[in-house]
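Each chain, written out:
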Amino acid sequence: QLLNLIGFSSYAVYCCCLQFDTSVRKRYKEAFHSATLVTIQDVAFALWATVGTAATLSQIFIYERGTQRFGRFVLTAVLIVLIFTFIFGILVLQYAPSGS
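Notes on the structure in this doc start here. (Residues numbered from 1 in each chain as written. Predicted model: local features only at pLDDT ≥ 70, side-chain atom pairs only at ≥ 80, totals over all residues. Heavy atoms only, no water.)

### A look at the overall build of the chain
Threshold: Secondary structure is summarised from DSSP: a helix means a run of H or I of at least four residues, a strand means a run of E of at least two, and numbering begins at the N terminus for each. The atom set for the radius of gyration is the C-alpha atoms, and the globule formula is 2.2 Å times the number of residues raised to the power 0.38. Think of it in three bands: residues with accessible area under 20% of the maximum for their type are buried, residues over 50% are exposed, and the middle band is partly exposed, with areas taken using a 1.4 Å probe on protein chains only. All accessibility values rest on the Shrake-Rupley procedure with a 1.4 Å probe; residue burial counts only the protein chains present in the view. When charges are counted, Lys and Arg contribute as positive and Asp and Glu as negative, whereas His and the chain ends are disregarded. By convention, charge coordinates are those of NZ in Lys, CZ in Arg, CG in Asp, or CD in Glu.
Helix and strand counts for the chain come out as 4 helices and 0 strands. When the elements of the chain are put in sequence order from the N terminus, they spell out α-α-α-α. Taken over the C-alpha trace, the chain has a radius of gyration of 17 Å; the compact-globule value for 100 residues is 13 Å, which it surpasses by more than 25%. When its C-alpha atoms are laid out on the principal axes, the chain stretches across 55 × 30 × 15 Å. A total of 100 residues make up the chain; the buried ones form 15% of that total. Only carbon and sulfur atoms are counted for the fraction: they give 68% of the accessible area of the chain, which is about 7900 Å². Taking the average location of the 7 positive side-chain charges in the chain and that of its 4 negative ones, the two points are 6 Å from each other.

Given below as structure tokens:
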């Protein structure tokens, strides 16, 4: 569920940027010579999946689960994904060409 939350939230950011940010849509059109194919249904699905996964994940922490715990491998993998996502996000914001 942790990786699903990361994936769905990343997809939600992607869809929202392509649907609502005019500078992103302009750069997409310049790069691929076509309009974006992201629709409002894609945005709704991505946001709904993120909220649903977050609700499911929150239940893991609320309800008693006995001796079950997240494995070290899963926690390490999630940490690595989050670190790379953060670094990549910084690099994109730093080196992305301006919208003008």
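### Quick word on the packing of aromatic side chains
Here is the rule we go by: Pairing of aromatic rings covers Phe, Tyr and Trp, the last through its six-membered ring, and needs centres within 6.5 Å; plane angles under 30 degrees mean stacked, over 60 mean edge-to-face, and all others mean tilted.
The final tally for this structure, using the stated rule, is 4 aromatic pairs. Ring geometry for Tyr 11 and Phe 45: centres 6.4 Å apart, planes at 65°, overall edge-to-face. With Tyr 11 in helix H1 (residues 2-20) and Phe 45 in helix H3 (residues 40-62), the pair connects residues that are 34 residues apart, well separated along the chain. Residue classification places Tyr 11 among the partly exposed residues on the basis of a relative accessible area of 31%.

### Points about the nonpolar core
So the rule is basically this: Throughout this description, the term nonpolar core refers to a set of buried Ala, Val, Leu, Ile, Met, Phe, Trp, Tyr and Cys residues connected via side-chain atoms within 4.5 Å.
Within the largest apolar cluster, 6 residues are counted, these being Ala 12, Cys 15, Leu 18, Val 38, Val 43 and Ala 46. For this core, the elements supplying multiple residues, two or more each, are H1 and H3. When residues of this core are assigned to their parent elements, the largest contribution, 3 residues, is made by H1.

### Some points on the side chain of Gln 19
The criterion, for reference: Contact criterion: two residues are considered in contact whenever any of their non-hydrogen atoms come within 4.5 Å of each other.
Tracing the sequence through the fold places Gln 19 in helix H1. Looking at Gln 19, the relative accessible area reads 17%, which means it is buried. Residue contacts for Gln 19: discarding those within four places in its chain leaves Arg 25, Val 38, Thr 39, Ile 40 and Val 43.

### Concerning H1
Applied cut-off: Here the expected span of a helix is defined as 1.5 Å times the quantity of residues minus one.
Taking 1.5 Å per residue as the helical rise, H1 with its 19 residues ought to reach 27 Å, and the 27 Å between its terminal C-alpha atoms agrees with that figure. Listing the buried residues of H1 in full gives Leu 2, Ile 6, Ala 12, Cys 15, Leu 18 and Gln 19. Buried positions along H1 lie against helix H2 (22-32), H3 and helix H4 (72-95).

### Some details on the layout of surface pockets
Convention followed: Points on a 1 Å grid, built from protein atoms alone, make a cavity when a 1.4 Å probe fits but cannot get out and make a pocket when they are open with protein on both sides within 12 Å along at least 5 of 7 lines; residues with an atom within 4 Å of a point are the lining residues. Grid points are joined across faces, edges and corners, and a volume is the space filled by probe spheres set on the points. As a working rule, the residues Ala, Val, Leu, Ile, Met, Phe, Trp, Tyr, Cys and Pro are called nonpolar, Asp, Glu, Lys and Arg charged, and the rest polar, with Gly in that last group.
As a volume, the largest pocket reaches approximately 740 Å³. Along the walls of the largest pocket sit 18 residues, with Val 13, Cys 17, Val 24, Phe 88 and Val 92 positioned nearest its centre. Secondary structure elements with two or more residues in the lining of the largest pocket: H1, H2 and H4. Ranked by the residues each element gives to the lining of the largest pocket, the list is headed by H1, at 6 residues. The class makeup of the residues in the lining of the largest pocket is 13 nonpolar, 4 polar and 1 charged.

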